[in-house]
Amino acid sequence: MAEDWHKVARRSELAEGEIASATVGDKQVAIYLIDGEVHATDNICTHAFACLSDGYLENGIIECPLHAGRFEVKTGKALGAPVNVDIAVYAVKLVGDDVLVKLG
Ligand code: FES
């Protein structure tokens, strides 16, 4: 339903290798531009409380800034200790310059 989609960023303000963040209600969302495609995940690491948007993005992998846990951005898959719970991944669509994510 239309109300499930929330604007979190402008496409023109995203840069390769950088991570944007947005808060929608009680959710924090990280937004990534990887090879020209926009992706979104939950922004809070599944290991402890750290923002992935403060982490390091390389080759489609986000590394948590706190204990270096790593997740595959496109799938949310946790890639091994210390993280073993996948991160939530959100559907993304572009409407003009607006980046919308589907939550819930
Ligand atoms: Fe992210 Fe520990 S809080 S790896």
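Whatever comes next refers back to the structure up there.
Residues numbered from 1 in each chain as written. Predicted model: local features only at pLDDT ≥ 70, side-chain atom pairs only at ≥ 80, totals over all residues. Heavy atoms only, no water.

With respect to the environment of K93
(1) Moving on: Along the chain, K93 turns up in strand β8 (residues 89-95).
(2) Moving on: Classification of K93 as partly exposed rests on a relative accessible area of 34%.
(3) Moving on: Distance from K93 to H6, taken between C-alpha atoms, is 9.8 Å for residues 87 residues apart in sequence.
(4) Moving on: Other than its neighbours up to four places away in sequence, K93 contacts W5, D98, V99 and L100. (Helix = DSSP H or I, 4+ residues; strand = E, 2+ residues; numbered from the N terminus. Buried < 20%, exposed > 50% of the residue type's maximum accessible area, 1.4 Å probe, protein only. Contact = heavy atoms within 4.5 Å.)

Quick notes on the pattern of salt bridges
(1) Moving on: For the coordinates displayed, the defined rule picks out two salt bridges.
(2) Moving on: Note that K7 is salt-bridged to D98, the shortest N-O span being 3.2 Å. Residue K7 is located in strand β1 (residues 5-10), and its partner D98 is located in strand β9 (residues 98-102); the two are separated by 91 residues in the primary sequence.
(3) Moving on: Residue class for D98 comes out partly exposed when judged on its relative accessible area of 24%.
(4) Moving on: Here D97 ties to R10 by a salt bridge, and the two come within 3.9 Å at their closest N and O atoms. With a gap of 87 residues between them, D97 in the loop between β8 and β9 and R10 in strand β1 connect regions that are remote in the sequence. (Salt bridge = Lys/Arg side-chain N within 4 Å of Asp/Glu carboxyl O.)

Topic: unusual backbone geometry
(1) Moving on: The peptide bond linking A81 to P82 adopts the cis configuration, its omega dihedral lying at 5 degrees.
(2) Moving on: For P82, the location among the structural elements is in the loop between β7 (70-72) and β8.
(3) Moving on: Of note in this structure, A68 is not a glycine but carries a positive phi near 65 degrees.
(4) Moving on: Structurally, A68 is set in the loop between β6 (61-63) and β7.

Section: the nonpolar core
(1) Moving on: By size, the foremost hydrophobic cluster in this structure holds 15 residues, and its most contacted members are Y32, C45, L52, L57, I62 and F71.
(2) Moving on: I62 has contacts with I19, Y32, L52, G55, Y56, L57, G69, R70, F71 and V73, leaving out every residue within four places of it along the chain.
(3) Moving on: Core analysis: the next-biggest nonpolar cluster, separate from the first, contains 14 residues, L33, A40, V99 and V101 among them. (Core = buried A, V, L, I, M, F, W, Y, C linked by side-chain atoms within 4.5 Å.)

Looking at the sheet that holds β6
(1) Moving on: What the three strands build is an open sheet, ordered β5-β6-β7; its pairing is antiparallel. A single partner strand is all that each edge strand has here, and the edge strands are β5 (56-58) and β7. When the angles between neighbouring strand axes are averaged without regard to direction, this sheet yields 20 degrees.
(2) Moving on: Where β6 meets β7, three bridges bridge the pair, whose relative direction is antiparallel. Bridged to I62 within β7 is F71. (Pairing = 2+ DSSP bridges. Axes fitted to C-alpha atoms, helices over the stretch in contact; angles between N-to-C directions.)

Details of the side chain of T41
(1) Moving on: Checked against the element boundaries, T41 lands in strand β4 (residues 37-42).
(2) Moving on: The class for T41 is buried, based on a relative accessible area of 0%.
(3) Moving on: Here the side chain of T41 touches Y32 through a polar contact of 2.8 Å, side chain to side chain.
(4) Moving on: Setting aside chain neighbours within four positions, we find T41 in contact with Q28, V29, A30, Y32, L52, V73, I87, A88, V89 and Y90. (Polar contact = N/O pair within 3.5 Å; in protein donor to acceptor, adjacent residues only side chain to side chain.)

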